[in-house]
Amino acid sequence: MTERGPAMATETRADGDTHRWLALAVVSLAQLMIALDATVMNVALPSVQHALGLSDGDRQWVITAYTLAFGGLLLLGGRLVDRLGQARTFLVGLVGFAVASAAGGLAAGPVSLVLARAAQGASAAVLAPSALALLSVTFTAPRERAKAFALFGAIAGSGGAVGLLVGGVLVGQLSWRACLFVTVPVAAVAALGTRYLPVPSSAQSPSGPRTGLDVPGAALVTAGLVGLVAGCSRAASDGWASGWTIGPLAAGLALVALFGWRQARTEQPLLPPRILADRARAGACLTAGVAVAGMLGVFLFLSYYLQVVLRYSPVVTGLAFLPLSVAVFGSAQLVAARLLPRYPARALIVPGLLAAAAAMGLLTRLTPDSGYASLVLPAEILLGAGLGCVFTPAISTATAHVERRDAGIAAAVVNTAQQVGGSVGLALLNTVAASASAGYLAGGTAALVHGYTTAAYVAAGLMLAGAALAALLIPGRSTR
């Protein structure tokens, strides 16, 4: 027995390592599904509008129904993860997302499609924090944690561009309904792999006695975030000065402020103040939000530039974004994963955001005659290389050094920052581009490109502001 002991221990450790990396594959599949769904319907929207008879004013609800439910319910979803357990809520979110996706693919009219998209968003609000929380409590050693978060961050950063490609292929070869059905088999594979998730007695079980949910706080923050996302969404079509924009934004800010006041006073807060008391975590969440804001804005105006100005098909447009995904993935794996265990997160995030700002600077030089290979491609590669060094350390920092009972809410906070940041950035850059195009005297494609380059200047400013926030808030030395 004495001689077999070390061998058995080695075998047990090997099995444990295998299970951890299989768990990483499962949660990465879930993250890929969420990232794909964030953009896959963008390419399909014209086909959806034609097939279901949506008006120009109502078509945006196919997108915003998802973002409103996702962004508004994330904090509640994070606390449910801590209340019910990470693996259990992961499976519930996975099944809910798959069912909602299938319902959307079978939708007979606009109302049923919008409701299905809202159900997708609600399921993602549970699935996203549970996946990230599982990753956070499964990988605690610095080197393994860096590798795991590099893969997760690469998927988070490049999944949107992959979604554009997948959407273009599916719409071109099949139909818009395939863009919804595509997540069902992904969810099925991930569900089969849930057996490899951490067991309830360790990573899944909340520590300490179970407490009730802060229902009034949940209502306040959900309504507040819905107001913010709704106001930003309206700004894209009505402008920032419209009452339809100002009203929801003002109400959202007031409700979020009231939520913060309540969290500091209630005995069972939905978002414990200790979560954001850590400067590094707060800085990581802010920089992740800024990065997503700039990235989604680039997706928007580059998509139009490629299709309207260069006259690319949806499939070719999707392919044109592929180098961006490759650059994000390569940067996360080859740079961030190797440097994060040895250097502080700030040493990666600040240069990454500066590189992203430089990429936006390249896009300010776009003209109607610019070629893809001469300007767009270099900007995509530089942007991807920069963002790959942002998402990995930002997400890792935002979820590090939290008690097991707070893993879900910490994951929800960084997801909320990205979701709200993306909504604000998309609305801001779209409004800037539209206003600049409308005020340009030349008209035609020259006016469109002028709008895109103006938005690129603003996006560069966002990235520079994010770099400054990271430099101020995130420590310059590693705390690992």
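Let us look at the structure shown here. Starting from 1, residues in each chain are numbered consecutively following that chain's sequence as written. With the structure being a predicted model, the display of local features is reserved for residues of pLDDT at least 70 and the display and counting of side-chain atom pairs for 80 or more, all residues being used for whole-chain, interface and lining totals. Side-chain measures were taken over the full set of non-hydrogen atoms in the model, leaving aside hydrogen atoms and water.

## Some thoughts on the environment of R195
Piece 1. The helix count covers DSSP runs of H or I at least four residues long, the strand count covers runs of E at least two residues long, and both are numbered beginning at the N terminus. Relative to the helices and strands, R195 is located in the loop between helix 7 (183-192) and helix 8 (200-204).
Piece 2. For the exposure calls, accessible area comes from a 1.4 Å probe over protein chains only, and a residue counts as buried if that area is under 20% of its type's maximum, exposed if over 50%, partly exposed in between. By relative accessible area, R195 is classed as exposed at 64%.
Piece 3. It is 8.5 Å that separates the C-alpha atoms of R195 and A23, two residues lying 172 residues apart in sequence.

## Details of the layout of surface pockets
Empty space among the atoms becomes apparent when a probe as large as a water molecule is rolled across them.
Piece 1. In this analysis the probe radius is 1.4 Å and the grid spacing 1 Å, with only protein atoms considered; a cavity is a set of points the probe fits into but cannot get out of, a pocket is an open set with protein on both sides within 12 Å along at least five of seven lines, and lining residues have an atom within 4 Å of a point. Grid points are joined across faces, edges and corners, and a volume is the space filled by probe spheres set on the points. Within this model, the second largest pocket holds a volume of roughly 600 Å³.
Piece 2. Those elements that provide at least two residues to the lining of the second largest pocket are helix 9 (215-238), helix 10 (243-263), helix 12 (279-309) and helix 17 (407-438).
Piece 3. The element that contributes the greatest number of residues to the lining of the second largest pocket is helix 17, accounting for eight residues.
Piece 4. Under the scheme applied, nonpolar residues are Ala, Val, Leu, Ile, Met, Phe, Trp, Tyr, Cys and Pro; charged residues are Asp, Glu, Lys and Arg; polar residues are all the others, including Gly. Among the residues making up the lining of the second largest pocket, the classes are represented as 20 nonpolar, five polar and no charged.

## Quick word on helix 16 (residues 372-399)
Piece 1. Here the expected span of a helix is defined as 1.5 Å times the quantity of residues minus one. In this model helix 16 runs 38 Å from its N-terminal to its C-terminal C-alpha over 28 residues, within 8% of the 40 Å that 1.5 Å per residue would give.
Piece 2. Among the 28 residues of helix 16, 21 are classified as buried, and the element is accordingly described as predominantly covered.

## Here's the deal with the packing of helix 15 (residues 346-363) against helix 18 (residues 444-473)
Piece 1. Relative orientation of the contacting elements helix 15 and helix 18 amounts to 170°, with a least axis distance of 8 Å. One way to sum up the angle between helix 15 and helix 18 is to call them roughly antiparallel. The residues of helix 18 that touch helix 15, namely those facing R346, I349, V350, L353, L354, A356, A357, M360 and L363, are T453, A456, A459, A460, M463, L464, G466, A467, A470 and A471.
Piece 2. Here the contact of helix 15 with helix 18 is built from residues that sort into 16 nonpolar, two polar and one charged. Axis definition: a line fitted to C-alpha atoms, over the contacting stretch in the case of helices. Angles run 0 to 180 degrees between N-to-C directions. Roughly parallel means an angle under 35 degrees; roughly antiparallel, over 145; roughly perpendicular, 65 to 115; everything else is oblique. Whether two residues touch is decided by their heavy atoms; if any such pair falls within 4.5 Å, the residues are in contact.

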